[in-house]
Amino acid sequence: MKVSKKIEQSQKEGKIWWSFEYFPPRTAQGLQNLLDRIERMRALGPEFIDITWNAGGRTSELTSEMVRMCQGVLGIETCMHLTCTNMPAEKVDIALREAKQHGCRNVLALRGDPPQGKDEWEAVEGGFVHGIDLVKHIHKGYDDYFDVAVAGFPQHMLLPPEERDLEMHYLKEKIAAGVDFIFTQMFYDVDIFVDWVKAVRAAGITIPIVPGIAPIQTWNGFLKATSLAKTQIPQSFMDALEPHKNDDEKVRAIGTKLVADMCRKILDADLGIKGLHFYTMNLEKGTKMLLQELNLVPRVETVKPLPWRQSLTPNRRQENIRPIFWANRTQSYLSRTENWDEFPNGRFGDSRSPAYGELDGYGVFLKPTREEALKLWGEPKTFADITTLFSKFCEKKLSSLPWSDQPASRETSAIASELSKMNKMGFLTINSQPAVDGARSDDPMFGWGPSNGYVYQKAYLEFFVNAELLEILISELEMDNMMTYYVINKQGDLRTNRHSEGPNAVTWGIFPGKEIIQPTIVEAISFMAWKDEAYELGVKWANIYEANSTSRKLIMDVMNSSYLVNVVHNDFKNPKAIFVPFFKAGEKYAASRAKENGSAHLNGNLN
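Presented here is a report on the structure given in the accompanying data block.

Rules used throughout
- Residues numbered from 1 in each chain as written.
- Predicted model: local features only at pLDDT ≥ 70, side-chain atom pairs only at ≥ 80, totals over all residues.
- Heavy atoms only, no water.
- Pairing = 2+ DSSP bridges.
- Helix = DSSP H or I, 4+ residues; strand = E, 2+ residues; numbered from the N terminus.
- Axes fitted to C-alpha atoms, helices over the stretch in contact; angles between N-to-C directions.
- Contact = heavy atoms within 4.5 Å.
- Core = buried A, V, L, I, M, F, W, Y, C linked by side-chain atoms within 4.5 Å.
- Buried < 20%, exposed > 50% of the residue type's maximum accessible area, 1.4 Å probe, protein only.
- Polar contact = N/O pair within 3.5 Å; in protein donor to acceptor, adjacent residues only side chain to side chain.

Details of the sheet that holds strand β3 (residues 78–83)
Spatial strand order, β1-β2-β3-β4-β5-β6-β7-β8: 8 strands in a closed barrel with parallel pairing. Between one strand axis and the next, the sheet turns by 30° as a mean value, whatever way the strands run. Where strand β1 (residues 17–22) lies against strand β8 (residues 275–279), 5 bridges are found, and the strand directions are parallel. Counterpart to Ser19 in the pairing with β8 is His277. Packed on one face of the sheet, helix α5 (residues 131–142) meets β3, β4 (106–110) and β5 (147–152) and runs near 145° to β4.

Here it is, written out as structure tokens:
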């Protein structure tokens, strides 16, 4: 969605809105850490984010990759910076083509800073000299597909009158070339900003102006940023901050109040501005503190359109059905289905849907580094050690497992004790959802979809289990005709009690004026595709340990001897019924093992 449309919609609703800026980190691990942070910070409620383009274009590939991830995997509307620095027209065209492929509809067109190591800006051969040239080029190639933004500089109000008027003339020329909104450079003097906005309006420029707000993180960072941008600092800021320059926490606390007061003055200044753009510097705490100081968070949580995060890439925007198996592996699912000609909308269709991409195309990997994984999961020496890890994850005492990059979901708390008990009995759960019978669509734990609707779920469990315990469980499952299951081993031998090849909808919603939406399903072909990935994740876990270690041998033995099973209880009005056969099977299995151990002990004494 275009940023200008989001601004227009917010103005109609009379609400204050905000957005965040991030820059590409220098390393792959830094990129993953930043994506995790962006995912957390989306809970602060930004309307969109934007991603910078490094001076000199050195991180252009990373910018494009971040746009792809934020649009496609995280489902956050993204604005991409694009500069003229070190960018011939061919590179600009590649960047724009990729942005469109990723579903990005917003570009901030900048001349950019001088390349690294140079004091003066210079155009490259075949490139652009001014920001206006870049604006014109974007529209020449893409007409009005992109919203195009440019930078605004309130500090220009401090220039001599002739220079100030010339800069305003240049800004008007850019706007006339087809600009949709303006991001301003950071500032701390509200009076300068207000005077500049009034001058912009007096010049006949009417497009939205978005003030750039920089949280104050540390004293040295504050001085460095204002020095680089040649930003005028009000004396009141210096008087309040300088006495505490050696205490970063104090500087952040005071700076938060100063910047929040500046934001209030902007919003109350009758300028028609109701949005704030935060320069996060890839940091979370300062921006969060500012929003809290402004009483803008916690905002009433926006209910998800679907139970899972929608992708904003063009070919997937209408997708509204996915198999449940990749609930904790979104990026993998997107990658393994990216070559499909069309994506399920309205119904999943035949279970012979387009083939899933091979694992080699995406690669199975664990998110934590080896050192992080060892710290998280330790070195299990017995099967009981493994069951303890799984139980702790369900109880939210462990932040991740090889099959789930994120902590257990909020709805897991509704069945956490049952899941923990299951794991201790030997059912190693890797995915689950509780039964839900008509929760409101705005329910904080289960809600999704449009307002005034109701959502439903069938209880679902997915787990690894050994052959002996599995057979006891199957005998219990067969006694309840509301239970359906799929069992598969590492070799791909499938077993089920379902008599239909079609998908089983396990999540659905009913909303005013709409057809029933069924966004999450269980079906055989998808389960078989997921099986390879599920087992490979276990192998990756084993491989973090030394080749001949007890931990590696233990985990490999579990993976080689276990079956992967999913179970659905189709009576969503009986939320705990799904656990009954598991607890019965677990007790019978434990009794059988105890009897065997007792017999062995007795025989040992007799001998």
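Still to come is the rest of the account.
Considerations on the nonpolar core
Counting 86 residues, the largest nonpolar core has Ile38, Leu82 and Ile213 as the members making the most contacts within it. Ranked by residues supplied to this core, first place goes to helix α10 (residues 248–267) with 9 residues. Counting 42 residues, the second-largest nonpolar core is a separate cluster that includes Tyr333, Ala373, Tyr535 and Val568.

Description of the pairing of β3
The element β3 is largely enclosed, with a buried count of 6 among its 6 residues. Taking every second residue as pointing to the same face, both faces of β3 are buried, with Thr78, Met80 and Leu82 on one and Cys79, His81 and Thr83 on the other. The sheet contact formed by strand β2 (residues 49–51) and β3 spans 3 bridges and is parallel. Within β3, the position partnered with Ile49 by the bridge is Thr78. As judged from the 5 bridges shared by β3 and β4, these two strands associate in the parallel manner. Bridge assignment links Thr83 to a residue of β4, and that residue is Leu110.

Structural notes on the side chain of Ser562
Looking at where Ser562 falls in the secondary structure, it is placed in strand β18 (residues 562–569). With relative accessibility at 7%, the residue Ser562 sits in the buried group. In terms of polar contacts, Ser562 uses its side chain to reach the backbone carbonyl oxygen of Val558, at 2.6 Å. With sequence-adjacent residues up to four places away left out, Ser562 is seen in contact with Phe464, Val465, Asn466 and Tyr535.

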